[in-house]
Structure formats: C-alpha cells, structure tokens
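Listed below are the residues making up each chain.
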Amino acid sequence: MDRSGDTCRIDTLFNVVNFSPDSTRFVTGSGDGAAIWDVATTRKETLYHEGWVDAAKYSSQGDRIATATEESVRVWNSNDGRLLADISVKLTLKINTDLLWLNNHILVLSDGKIKEFDASTGSIVSELPVADTSNSWRIALPRHGEFIACCKGNTVSFWDTSTHYPRGLIHHTQAISSIAFSPDDQFLAIGGDHGKITIKILKDVFPSYHALPFIDVTIAVFDSWQRDQLADSDASLSEILSNYLYKNHLTLANRTLSSLLSHTLMLIMNPPHKPIKICPSVIGYIAKSLALIGGGGKREGCQVFDLAFRHCDRTDVDLLLLIKAVVLFMAGEHIEAVSRVGNLIATVDSKSICDTGYVVQAYMYLRLGNSCMEKGDYEGAIQSFERGQSQMRYYAGDELSTITLISGWKFDGLDIRIRQRFCEALYAAGRTKDAVESLLNLVNALDEEVYMSQPMTQWVSDFTHRSLSASESNATRHGNPPTLQVPFNSVTSTSLLREWAKATLASQSWKDALVAAVNFVTPRFATYQAVCECLQTVDPITHLTEFYHQMVNELSLEADIHSEQAKWARDFRQRCVEKLEHLGDAATDAQQLDEAITQYTAAVSLDSAVTSILIKRSKLYAAKGLWEDALNDTTNVVVRDPLSPWGYDVVLNEWAKVKLRGGSWRNALVTAAGFNAPRFTVYRALCEHLKAIDQIADATECLHEMESQLAQQTDIERALWNNDFKSRCIGELEVLGDLAMNAREHVEAISWYSVALSLGPTNRQVLFIKRSKARANEGLWKDALNDANEVIKLNSSSPLGYERKHAALRGAGCNNDAMDAFDTMLSKMSESPDPEIRERSRRYVNPAQTEATIRGAIENTIRESPLVLINTDSGRLLDKSGQSSSFESQPIFHELVSSMITDIDRARIEHEVEQYYRYATFSHKWKEHEPLFETVIHIVVYDLDESLTHDKLKMFCKIVREAGLHWAWSDTCCINKVDPSVLQEALVSMFQWYQASTMTLILLCDVGSASRRGDLMGSIWNTRAWTFQEYHASKVVRFYNKDWTLYRNIGVPNHKESSEIISEMEQATGVSAQTLMALRPGLEDIREKLRLASTRQTTRVEDAAYSLLGIFSLSLPVVYGEGNNALGRLLAQLLSSSGDTSILAWSGKSGNFNSCLPAKIAVFDRLPTSHIPPAIADTEMTTITSGLRASSLNLALVTKLYDRLNELRVPSFLGKRMILPCIVFKLGPLSVSRSKSERIFRAQTAALGIVEIRAEVDLARLDSLYLIHPWIDFLLDRQPVGSIIETIPEEDTDNQSSLIGELPSFSHTSGIASAASQTRTGRLASRFGLSFGRTVTRPRDATSLEPPSTLAPTDKQMRALQVIARLRQPFGALLLTPNPGNVAAYRRVASESLITVQVEVITPAILNKLVDSVRILDVL
C-alpha cells in the first residue's frame, strides 16, 4: 500500500470499502478476502475469508465487522481480528450484496427470504418471506431500525422488523437497482436502471401508525374512527389492504369493528370469522364476539370473547377483562358489568387500568342515569349521576382509546355531561334550589373556552331561563306541583342572572334577551344590571349606549337622581365612557379610524361634555378628510374650554398639509368655502404649510392673494403675522437663491431673488446685485444690465452697481462700454470712504498687465511658426510682426482684456492665442509661373490675376479660411528665396512647419473630379521628393482633386486615417501602412528612409538631399549649385551621426564627394539588408558554435578577434575623408574574361577563395585591390549607433586629424585600440550609457545585451564563436584600391553589383590572418 499526501493507492481490485464509525479505520473486501486498514499508519490486518468477499460492514458501535461471500457470513472482532461467528448461508448475489446490522443481528438476502441471524451465536432468529427474492437486488435499513426496505422489479416493499408485517409499498416507473435511506431517515433514494434517481419522502410513502392495545391502525384511520366518521375509516382500511402484498388479518379485524359500529354492508362482504381464520388474534375474537352479540347471540358472543384470552399477553389480561365488562354492558348485563368493573378496580395493581376502570364505570352510571330519566325515575337518576361523579377520574390513556374504538363510547367531557344531567335530574325532581346551586358549581368549575362553546352556552341559557321564569310552567312540564315563590336568595339570583346573561348573550342580542326575561321572577332592574355588566365583556361596547338609554327610559332613573339605582346608572355610564374612550384609543393605535370614531361617538352620546374625546374625534375626522366635522368638534372644544390648546390652527394646519400634498393652494381654498373658521386663519395655515414644504414661491403668491382679498379688513393679529411672515420668507428666499447660485442653477436663483424682491425687502440693493449676477451667468445680459442700473439708482456712489454693469456689458459683447464701466468702478472704489472698498480695488488687475501677458503668449506661440504666413481673412502676407499685431485687432483680444479684471487666466490666454494662430500648409506639384514672395507681398492674395497657379493659391486660402483657420502657408509665396538666410532657415525648418500645422491640404493637379482608386498612386505628386517629407511630417492631411473636390469623396477629417488612402499609399510606396505610420524624423531606419526617397524626383539636383533634412533631423548649409555633393554631404553626416554602414551598401557610380558614397540617391532602391544574410536561428547557432568549439580553433585567438572588433571605432567623416573600420581581404592576381557588356575578373584570396567581380573599368590596371567587410555591427549582432541615438556630437577635429595621419597602409589597429573614446564600446558606453545588442527577429539571451568588458569568460567565448559563425556567411564586400598619390588613403572601385563573398573555411591559419586584417582605413 502506497500513501502520498492525502492519496492512498492499493494495488488490488476491491468490491467493497466501509469506514468505521469513528473514521480511524476501514475494511475492504476483494478476491483475496477481507482486510482492516489503519487510516493514520496504513497498517493492514488480514481477515481470512475464503472466496470473493462481496460485502463488509462495521457494526454501529464499531466493535465488530461482518463479511460475506457467496457461501457464508463471518463476524470478526474489529480490534484484534478474531473470528466470532461463522454463519453458513447461501446468499442471493447481484451487483453488490447487502449486509445489514440491526442491533446485535445481521440481515441478509438468502433463499427467497430476508434472514435475520444472531451475530454472537450465528443462529437464525427470524425469516421474512419476501416473495420472489430472486429478483431482489437490494435491501436497506433506516437508522431507527423499525422496518426494512426491499426492492424487487419495479417495487419497494417495507416490513416491520418487530412483527414482520408489511408496512407499505412503492411502485416505481422502471426497474429498481438500488435503494438508500438518508441519515435523518426522512428520505429514500431509489436508483433506476435507466439513469433515473427518485427521492421519496418517507412520511408520504406509507401512513404513520397509531399503536393501541390490541389495535394497530394508521393515524388517519384512528382520527376518522374517533370522530365517528366510520365510512372514512372503512375506506382507509380497505385502501391499506389493497396496497399490501398480503391480506393483514389485523386490518381485516379493524375493518370488521368499524363496520359493526357503522352498520354498513361491509360486514356482509367481510364476515367476522375471516380475520380469525387467517390468523387468530385478540382483536379478531373481540370483533366476532360483538358481531354475535349484535345479532342476538349473547351467550355465543360471550363464549367467543373468552377465546381472546388464549392470544392475549399476560400484561394485557386486566385490560381484556375490562373490555369484557364493556361488552357485557353492551349486551344488556348492566349490573354485572358495573360489578365486574368495581371488582377489577379493587383488585388490579396497574394505575392506568384502575383509572380507566373508574372512567368506564362513570360512563356506565351516566348511561344508567339517562335510562332512569327516560323512565321518570328522577331519584334513581340522581343517585346514578351522583355515583358517576364520585367515580369520575381525569384520564385519557391508550386503554380508553381502545375501548372507544371497540364500543363507540365517547369519554370526552364525561364529567361535564354527568353534572349537566345531574342538574337536569334535580330540576326535574322539583329540587330547583339544589339544581341552581349545582349549575353554579358547574359553571364555576369550567374554563372559559369550554363554557363559551355553543352547546354549553345554549344549555346554560335554557336551564337558567327555566329556573328564573315563573315555576308553574316548569312544574307542569315535569308533572310536579306548581309553586309561586323563588326557591333561592338574592345572592343566588344575582349569580344566576349573571350566568343567564352571559350564556344568552353569547348567541342572542340584548334586545331578545330582555324580551325573554319578561317573565323572570327577579326585579327588572336586576335583569338590566346583569345584562349591562355582561355587555361590557361579551358584546360590543357601543351597544351599551342604546341599552343604557332604554334602561334609563324604562326604569325612569332620571326622575330620582338620588336613588341607588340612579347612582349605579351614573357610575355605569362613567365606566362605559372610559371604556369607550379606551377602545377608541386602541382602534386609533391600530389605524382603525372608522372603528375609533364609532367608539368616540358612542362615548360622546353618553357624555358630550368630555372635551378630550371631542379633540380625539376631531383629529380622526381630520385624518379622514372630514374637515367640517373636525372643525365642528373644534368649535365645541373652544366653547367648552377657551384655554384649550386645541383650536382652529391645529385642524387647519392638518387640512393644509393634506390638501397641499397633491394639489394647489387655490384648489384648497375652494374646498374651505364652507368652513366656519375665520378666513384669515385659512390663509395663514396655507401660507405656513407652503413655506414648511419649501414651496415658498407659492406661499408668497398665497400671501399676495390674502392681502388682496382681505384688504378692507383691519386686523392687528393679521398685520403682525403678515410682517413676520414676509421677513421670514425674504430671508429664506435669499438663502435659496444663494444655494441655487452655488449649484449653478441660475434660472432657479433668478426666480428666488425675484420672489424676494416682490415682497418689498429692505435689502433691495443686495438682491438686485445677486439677481444681476444670476442673469449674467444665464446669458441674460440685458436683464442683468437692468438690475445693475437699479443698483446704481439706489446708490450711485457705490462701485458695486458699476461692477455688475461691467460684467453685463462684457457678456453682451460691448467690451468698450464694459471697460468704461470698469474704469468708473475703480474710480468709485478709490473715492469711497469705506476702507474695505478701497482695499477691494486691489483685487483687480490693470488691463495693461493683461495686454502684456497676451503679447507674451503671442510671441511664444509664433516663435516656431513659419516666418511668413498668409492671413486668410485679409489675404495678406504677414511676417512675425504683422502676425503678432493682427491678434490685437480681433474681438477676442478685447474680450480677454475685459474679462480678466481680477485674475489673469494664462491658460485661457494661451489657448485662445494657440487657437487663433493655427495654420494650414500646402503640398502640391510646382508649375511654371507660381506666385512668388516678391509678387504676393505687395497684393492681396484674393486679388491676384486669374491663372492656374494664382487660382490654386486663392482656392487653397479660401478652403483654409472656411475650415476656421486664420493662417495658411504655401512654399511658393511664403519663402523669400532671394534671401539666402531665409531660404536656409526655411529648408531646414520646413519639416517642423508641416509637422506643427493643423492640417495639410494636398492638391493632386493631375487627378480629375471623377477620381477613382489608383489615381493617387499614379499621381505625379507621389513622385516628387519634397512631397515625401510634406506627407510624413503632417499629422492631418486632406487630398483634393485638381478642381478642389475631395479625392474620391472621402469625407473623413484626416485622410491618414482612411483605409482607402492608406491602401493606395501602400501600393505607391511599396511600404506597409504600419511602416508608413511609424515613420518618424531622426536617425532611425536610415536605409529604409533612403529607399523610400530613392524613387522621388527633383527639379534641382541638390533638392534630393535638401528635401531629406527634416526626415533625418539634420541641418546642412544650403548651397544651390554644388550638384551631387549635396547628397554626399548628407550621407556623410548621416554616417558620422549614426555609424550605420548600410549607407555604404550600394552598387553603381560613385559621387564626387567620396568614392564610397553614390552620385545619385536612386542606388538605394534595394532592400536595406541586401548586403548581409539573414540572422542565424538559435538552434542552428547552437549547432554551429558547438562544432566550432569542438574543432581545432584556438579559442584564445577567437576571443582576440572578438575583442579587436569590439574595440573598433564608429565609422565617421572628416570633411570628405571617411574613417572606416573593417576586415580587409587582399586579392591575388586577376584573370579577366569579357561578356557582351562587361568584364568579369577573377582573383584568388587566402580566406575567400576565388572571387568574381563584374566591372566596367579595367581592374587589371590597378596596382592593388582589396575586398573589405565593413559590416562590423552585423558580426557583433548589435544595432548601429543610429538606431539608439539620433545624433553624435562631433569629435575633436585635431584629435581625429592626428589619428588619421598616423594610419599607415593596412597598419595594425593595436596602436589605436587603446583610445577608448574612439571605439564603438567606448563612445557608446562612456557618452550614452548604452547596452549592446542588435534588434533581430529572434529572442536573445541576457548576456548578449551586456558590454564585452562585463562578460564572463565562457559567455565571451560563446559570443566570439558566434562572430565566427556569422563571418562564415555570405556578405556584400566593398572593393577598394590605394588612392594614387596617397598610399595611406583608399578609394572605392565601383562595381555593377555588390560583390558577394564568403569565408568558407576558417582554419587556424586563416583565423590568424583575420585577426591581423582588422583595420581602420582612410577612404577618399
């Protein structure tokens, strides 16, 4: 057994696994037997059980284990593995064998039965004959162990584990393969053959049983039987019989009893002898005995009953004797039955049997007394009922339930029934006093619920009525002599009247009760008194008012107010009023307003002087919206108690609160037309509540309405309130206006201030100022100015009005008038006697300061803009001075000065200035007679004579103006080409000008209005050199056809973002859109930029170079007339600044500037990497370096070559001389052959083998020839300087000259290697802190990014071997020869194509030569 972490692996196929109850061990069963495993230690203990162990299970205590095979079951001690029992039994095996523990017993399926074995002895205990267990797959046992479940076919049957009787049956929709009980025994899971799991609730599967002595019935049957619903019990018993597998003899006996009691035909269908025939039982013989007795066979029935004792447990004999006495009583043997019960009570030891006997004997006496009553033997009845009362015990055990089911006797309320009958017997015997006393004792002993039940109250009412009525009818009814006197005293009569009233009023009204009491022999007042007292508890108290008034009228209680009856009536009235008020309060708390009003109204009808109740009812009327009723109650309160806090204001405030909740105050006034309250109080309530709910504007309007309607009335109270309310409203309105202003809700603020002003405030000046500010913020300049003028009228010496006037005028665009108001404001402030106002003037800014700030922003903005721009508004050419002054003539200039009176907003000034000086640039193909600077400077552009070139410029300016731009720049008329300095600055700055422009308009002069795809690609604009930088410098471009319509009607704002334009530019340049968009000015991607420019054409030779100055961010002196030297100077500066030797990778004719630089830019149309092979893949590089390491190469020499290459300086130019680090290969003697158009030369070299060169010149005439490998960056796998930095500061000229002067022909480089500042590593590391490495398309390890000086020896060797691997790849070599007249300098020999050579084999000798061939050459 292997154990790892939480996983156990046991290399055996197990059929069963079962955990111990404490989860410390588990038992397994397999073909090797059984075993006990310890969870913590994985220790195994084998249990030897021959055969395949199909089942294994711990007992519930965990002290034993049972295992089962096909032939036997064995029981083991789980602690030491000892065998405790070996049971030989042939098991019924299916998918898995069930093995169940039931206490100390084991249950298994075997031979068509469920067999139960004693686990200690192995002996069989019982068998459950389950039919067709060959098809039974599983058995299951719930935790309580009361029954066992067995599945077979598509049914699950349940069997009682004690009686082995069937308990229930479940029919399933498919064949059942497994069953299981939930741990809480509430659910049963049934697994079907077709992947269906069904969950059954056990309490719904089979009925719950009510176990009684001799009778075992379901709860449903028991309930039906108890309630005498015998038809239902018969049906339930029949259903139970139909669902069980076998006919249950007990259920049959129960159904026989039920049929006997209900006298149904079921007895004919199920004769009483049938249950006994199936299986003799106690209940079976009892049922048969009762059937015989009921049929007249008393003697035979008693004999059959005695047979029940044969099947009765000894503990149940006493109960069976008691049941026999009941049966004898039912057979008519009353005396013997009573005697038998008495004897049993006297001799039995069981308390439950004794108590049951007492109850049964009491019932028998009840039956005997009833029999006497029917015969008129009232004394005999009295004696029987007395004996029944003496024997009565309060007991309700299962024994009584059994007797009830057998006999049909009902023992519920037996003591009450006996005492009721005792009262009736006394009354019938003429003993009325004793009957009444017995009745009072009875009702006093009853609890309220029993007493108030309908049968009891009906009996009490009837009995007391008979007792209180004239006795003649009572006596006559029972055959007794009549009597005319009351047979009981006043205390008794009062109690009796009280009980009569209580019982009668439970089912009748008080009116009916009084009518029924007319013949009572008691005084009428006593009857009224009893009914009154009872009505307080059993009748709605509101009936008391009517009852009270009827009592007062009928008994004339008001005639003698000093009588005891009148005093009682007044006291009773007070109690009723208090109770009615209390009930009203409770109903109010429960939100039962109608009920509360009813109670209060009843109380007022009894006593209308109670103001507290009037106030409460008034509140309820108000709550229900019955305002007139509420005010009427208020009037009554005010009349009765003028000092009461409850008055009109309280009710009207509630009225206003309700009416204004969803309606207007005007509608509320209409509803108040019928109020008897003063009109002023109505208005006051509305105004105050409107203000309280923040509808202060409506409150003000309502106030104005009141002043208009009540103007003729003089009222001091109203005047005082009016002034106070206005004052409160004005202050609150001003606060609301201020809050709205703070929240920028200016319209709302204007409304609040206006309402406040309508109330005639004392602070009108403040409110006018605030409203003017709010109106100004909302753009209502005229209204704001009117408010400002009102302030000035109120106080002309105050500067505050002029301050608001300035703001209003400035907002209205009247900036000059605004400044006049501003000056007046400052003057008023300086003249003000108030020091605070004079101090306030310091917060304002002098306009001259604002103007100076604006001019500074203009200067900063136009500093980097073109020297001359066209003003699209005036059409004039303006220099920097004109551009600057033009802004001061714009309205925005005055608006800025006018607006910044307290603080100079520099950000806004800069924004407005930048917006004004935005300009557009023009990109086009020049034509003859373009309008030049010297022409346009003297005329308005729009006034130029009509011509193609003039119209082109005018349309350009017009479109720019329509785009909202004030400035435009065109290279035709905005450069004074006569002035060399201006021309120099323009050519150098042109890229930045296009880059800084808002947009560039591109005119395709050869594309018509019906432009189509491809026209842009074929346009001459795409061939010009200057347009190359103009397009790439501009951020936003728009292409136009020659008639100034948009190219292909593409309406996007920026054509650089148009997929159609991008697609055409890709095709035109042969460069992807991604590359075009990524192209940036500077020294990155030099060769790619040269390739893009190589196809462009210029009118002047020099422009091929000058047009690229901005692209490369370089500055060169502009010298028109120098020819292709301009290109040479450009390339020389590029090489010096970047170190990018790809500039040297070209073929063709050399230029005049330097032999290594071409005469024309067109030679760069080849791919930038055509001179070097692709990078070696990592896997291939690993293979190559491993081979080199295993070869005979001297690793020290390899590392030396690597160090030499790293120490080489960056290539550069000094004037026209190029300092070129490289590897030199000397050519041997030449042989020549000739083709039709060229010569082919061949030469032998030590490292390169035979080299073939194609050239027009005769190479044989040259003294010496050398092939050089200048691509040092490629060999070292790193980027040139230009890909890392944009420019390199020039070296000290003197140092460079001395260094180059010291260079001999092919001299060794060790002499200059120590000059660290001249090496690639030294220049980059010391000046720029750069890491080393070349950007390639494959990932590289971290060591390739480290400087050589920091590398470990092993890493350095690896990189050195990589250099050897790259050196063996084909490369494009340059052909050099010594310069005539200067043996220390060289020049390049031009060839028709790049000379591709390869170091095929690197031997130790060749490696030595390579180390010596690392040189720095001086090339002219």
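Up top is the structure these notes are about.
Report on the accompanying structure. (Residues numbered from 1 in each chain as written. Predicted model: local features only at pLDDT ≥ 70, side-chain atom pairs only at ≥ 80, totals over all residues. Heavy atoms only, no water.)

Regarding the pairing of strand S16 (residues 147–152)
Two faces, one strand: in a regular strand the side chains alternate between the faces of the sheet.
Argument step 1. Of all 6 residues making up S16, 6 are buried, and the element is well covered by its neighbours.
Argument step 2. Burial along S16 is two-sided: Phe147, Ala149 and Cys151 and Ile148, Cys150 and Lys152, pointing in opposite directions, are all buried.
Argument step 3. Sheet analysis places S16 next to strand S17 (residues 155–160), joined by 6 bridges and oriented antiparallel. Residue pairing across strands places Ile148 opposite Trp159, the latter belonging to S17.
Argument step 4. Counting the residues in the hairpin turn of S16 and S17 gives 2 residues, including Gly153, whose phi is positive at 60°. (Buried < 20%, exposed > 50% of the residue type's maximum accessible area, 1.4 Å probe, protein only. Helix = DSSP H or I, 4+ residues; strand = E, 2+ residues; numbered from the N terminus. Pairing = 2+ DSSP bridges.)

Looking at unusual backbone geometry
Peptide bonds are mostly trans, and most non-glycine residues show a negative phi.
Argument step 1. Look at Ser23: it is not a glycine, yet its phi comes out positive at around 65°.
Argument step 2. Along the chain, Ser23 turns up in the loop between strand S3 (14–19) and strand S4 (25–30).
Argument step 3. Relative accessible area serves as the criterion here: at 47%, Ser23 is assigned to the partly exposed category.
Argument step 4. Unlike most non-glycine residues, Arg1048 shows phi in positive territory, near 55°.
Argument step 5. Counting through the fold element by element, Arg1048 comes out in the loop between strand S29 (1037–1040) and helix H47 (1059–1069).
Argument step 6. The class for Arg1048 is partly exposed, based on a relative accessible area of 25%.

As for the environment of Glu778
Argument step 1. Among the secondary structure elements, Glu778 is positioned in the loop between helix H33 (764–777) and helix H34 (781–794).
Argument step 2. On the accessibility criterion, Glu778 (36% relative accessible area) is partly exposed.
Argument step 3. Along the primary structure Glu778 and Ile750 are separated by 28 residues, whereas in three dimensions their C-alpha atoms are 9.3 Å apart.
Argument step 4. Not counting residues up to four positions away in its chain, the partners in contact with Glu778 are His746, Val747 and Ile750. (Contact = heavy atoms within 4.5 Å.)

Describing helix H32 (residues 746–758)
Argument step 1. Compared with the 18 Å implied by 1.5 Å per residue over 13 residues, the 18 Å span of H32 between its first and last C-alpha is a close match.
Argument step 2. Along H32, the residues classified as buried are His746, Ala749, Ile750, Trp752, Tyr753, Val755, Ala756 and Leu757. (Expected span 1.5 Å × (residues − 1).)

Comments concerning the pattern of salt bridges
Argument step 1. Across all of its chains, the model carries 46 salt bridges by this definition.
Argument step 2. A salt bridge links Arg1254 to Glu1252, with the shortest nitrogen-to-oxygen separation between them at 3.6 Å.
Argument step 3. The class for Glu1252 is partly exposed, based on a relative accessible area of 38%.
Argument step 4. Through salt bridges that share partners, Arg810, Glu895, Arg908 and Glu912 make up one connected network. (Salt bridge = Lys/Arg side-chain N within 4 Å of Asp/Glu carboxyl O.)

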